[in-house]
Amino acid sequence: MVKNYGLLIDGKWVENKKTLNVLNPFNQKKIASVSIASVAQIKNAIQNSQYAFKKWSRISVKDRSQILKNLFRIVKENKKSLSETITMESGKPISESMVEVDYGASFIEWAAEQSLGSYGKIFESPELDKKMFYIKKPVGVVAAITPWNFPLAMVTRKVAAAIAAGCSVILKPSELTPLTALKFGELSIESGIPSGVFNIINGDAQLIGKLLTESSIVKKITFTGSTKVGKLLMKNSSSTVKNISLELGGNAPFIVFDDANLDEALEGFIAAKFRNAGQTCISANRLFVNEKVFEKFQSMLVNRFKQLRVGNGFDDVDVGPLISNEALEKVESHIKDAAKKGAKLVFGGKRSDAGELFFEPTLVGNVNKQMQIFKKENFGPIIPLVKFKSEKDLIELVNDTEYGLAAYFYTKKTSRIWEIVENLEYGMFGVNSGKISTYLNPFGGLKESGIGREGSLQCLEPFLETKFISWRVND
């Protein structure tokens, strides 16, 4: 029987007759329905978040930390059911979903620990009759808008830090994958998070975005998703001069220098490219290989692509389905555009017979920078392969994009590493590694890849305001 999920508002589950269907991307079957929030319910969530914030922000950091540690423990205890939900609604292999639960839980534990060290600073005043210092206070009601490709980890990275800082949160998860967030909401109640501190609303993304950005009660917007939507949220938030954090699109280069360990580079590339079928913002999106090892590495790629298993995420596979027809059509359009402009298919290039939303792992050669497959975020299991000769030309080519989120490169030459990091316009680097995601990573990028950072030592900072005090001592 298909389950109906409600909205979480002020600690209560509220159901509506008007619902949206959640489909399994593997077979397009309906797996649940989710209530669509009305205007009144969205406004109610905002108002109740404000009431909850006034109480929650006055709770001691020790108590907030303990509640989050309870939540961390409960999430870990429910790893199996959360992983299954992630795979069912996103399509990613179950092994990746299990990693995501651990990854998502790590943000909760980290935020709980960091909350105990959130403090201000006392200055040595230049005026003898004054004490000068600043304190940190929670910003207020936070609106968190999260994507479908990491339906738990992108929620916990934002929500745990905001709650640890003393804020209340209204979460709007993706309408494609809301079930994981709703299950997380159930666990949040069990952990002891007070009513109204964490709310979840689903439904019309444009309507919800409009009401959240226009509300004077909502003080902070934190968003992970496309650059197009991020720009719209930024524009709409200007009417109330909101604090805003944006983690947006990417066009990650993966570079193989002639001195690289090619076996390690190959496996690093596979990890960086095919995680979640290439549907992550930090997926390798362009592959640059030095001319001296180009032919050998291309041959290695083809052989490795042949070994990739495509299919149902609940089976032992490497690549699952794309999330929607729109995603599949985008991948196809990039392949067609490249072919028109002279590209050559090296491997793959068409829909897979594994199911309706599957596309073959695809390698495209003879690529130039006018092609969509080079300029835009592919968000699928396709990769353009580019030969390079000099490092100067490589740097210019790699930086020729409006994005600047993540970059990967393989080399044994230590003197080259710092030069590449210094000259490439990206916020995160994987050096001789295809994996960069961890709670210690200040996650974010340069240029149109976003504003601000999430995680790491500054994970609470986006949700705190600074108050400076200059205090003249009279006695």
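Residues numbered from 1 in each chain as written. Predicted model: local features only at pLDDT ≥ 70, side-chain atom pairs only at ≥ 80, totals over all residues. Heavy atoms only, no water.

Attention now moves to the pattern of salt bridges. In this structure the tally under the stated criterion is 27 salt bridges. Lysine 172 serves as the salt-bridge partner of glutamate 175, at 2.7 Å between the closest nitrogen and oxygen. Take glutamate 175: its relative accessible area is 33%, and that puts it in the partly exposed class. A salt bridge links aspartate 318 to arginine 309, with the nearest nitrogen and oxygen atoms 3.0 Å apart. Since its relative accessible area comes to 22%, aspartate 318 is described here as partly exposed. Assessed through its relative accessible area of 38%, arginine 309 is described here as partly exposed. (Salt bridge = Lys/Arg side-chain N within 4 Å of Asp/Glu carboxyl O. Buried < 20%, exposed > 50% of the residue type's maximum accessible area, 1.4 Å probe, protein only.)

The topology assignment puts threonine 156 in helix α5 (residues 153-164). In this structure the side chain of threonine 156 is engaged in a polar contact, spanning 3.2 Å, whose partner is the backbone oxygen of alanine 153. Excluding anything up to four places from it in sequence, threonine 156 contacts Gly104, Phe107, Ile108, Ala161 and Phe184. (Helix = DSSP H or I, 4+ residues; strand = E, 2+ residues; numbered from the N terminus. Polar contact = N/O pair within 3.5 Å; in protein donor to acceptor, adjacent residues only side chain to side chain. Contact = heavy atoms within 4.5 Å.)

Each full turn of the α-helix corresponds to 3.6 residues, which orients residues three or four apart in the same direction. Counted at 1.5 Å a residue, the expected span for α5 with its 12 residues is 16 Å, and the 16 Å between its end C-alpha atoms agrees. Burial within α5 is extensive, with 12 of its 12 residues counted as buried. Burial in α5 covers these residues: Ala153, Met154, Val155, Thr156, Arg157, Lys158, Val159, Ala160, Ala161, Ala162, Ile163 and Ala164. With its phi angle positive at about 105°, glycine 166 sits one or two positions after the end of α5. (Expected span 1.5 Å × (residues − 1).)

Right, let's get into the nonpolar core. The tendency in soluble globular proteins is for nonpolar side chains to be buried side by side. By size, the foremost hydrophobic cluster in this structure holds 67 residues, and its most contacted members are Phe269, Leu287 and Phe297. Top element by residues in this core is helix α9 (residues 262-274). It accounts for seven residues. Look past the residues within four positions of phenylalanine 297 in its chain and what remains in contact with it is Val256, Leu262, Ala265, Leu266, Leu287 and Val289. (Core = buried A, V, L, I, M, F, W, Y, C linked by side-chain atoms within 4.5 Å.)

A few words now on the packing of α9 against helix α10 (residues 294-307). For the pair α9 and α10, interaxial distance at closest approach is 11 Å and the crossing angle is 50°. Relative to α10, the element α9 is oriented oblique. For the element pair α9 and α10, the recorded crossing hand is right-handed. Residues Leu262, Asp263, Ala265, Leu266, Glu267, Phe269, Ile270 and Phe274 of α9 pack against Lys296, Phe297, Met300, Leu301, Arg304 and Phe305 of α10. Here the contact of α9 with α10 is built from residues that sort into 10 nonpolar, no polar and four charged. (Axes fitted to C-alpha atoms, helices over the stretch in contact; angles between N-to-C directions. Parallel < 35°, antiparallel > 145°, perpendicular 65-115°, else oblique. Left-handed = near helix turned anticlockwise from the far one by under 90°. Nonpolar A, V, L, I, M, F, W, Y, C, P; charged D, E, K, R; others polar.)

What follows is about the environment of glutamate 267. With respect to the helices, strands and loops of the structure, glutamate 267 is situated in helix α9. The spacing of glutamate 267 and leucine 176 is 91 residues in sequence and 30 Å in space, taken between C-alpha atoms.

Judged by how many residues are buried, strand β13 (residues 252-256) sits mostly within the fold: five of five residues are covered. The side-chain alternation of β13 yields two buried faces, one formed by Ala252, Phe254 and Val256 and the other by Pro253 and Ile255. Relative to strand β14 (residues 284-290), β13 is paired through five bridges, and the arrangement is parallel. Paired with alanine 252 across the strands is alanine 284, a residue of β14. Handedness of the β13-α9-β14 crossover: right-handed. Bridge count for β13 against strand β19 (residues 406-410) is three bridges, and the pairing is parallel. Pairing of phenylalanine 254 across the sheet is with tyrosine 408, part of β19. (Pairing = 2+ DSSP bridges. Right-handed = clockwise from strand over helix to strand, strands pointing away.)

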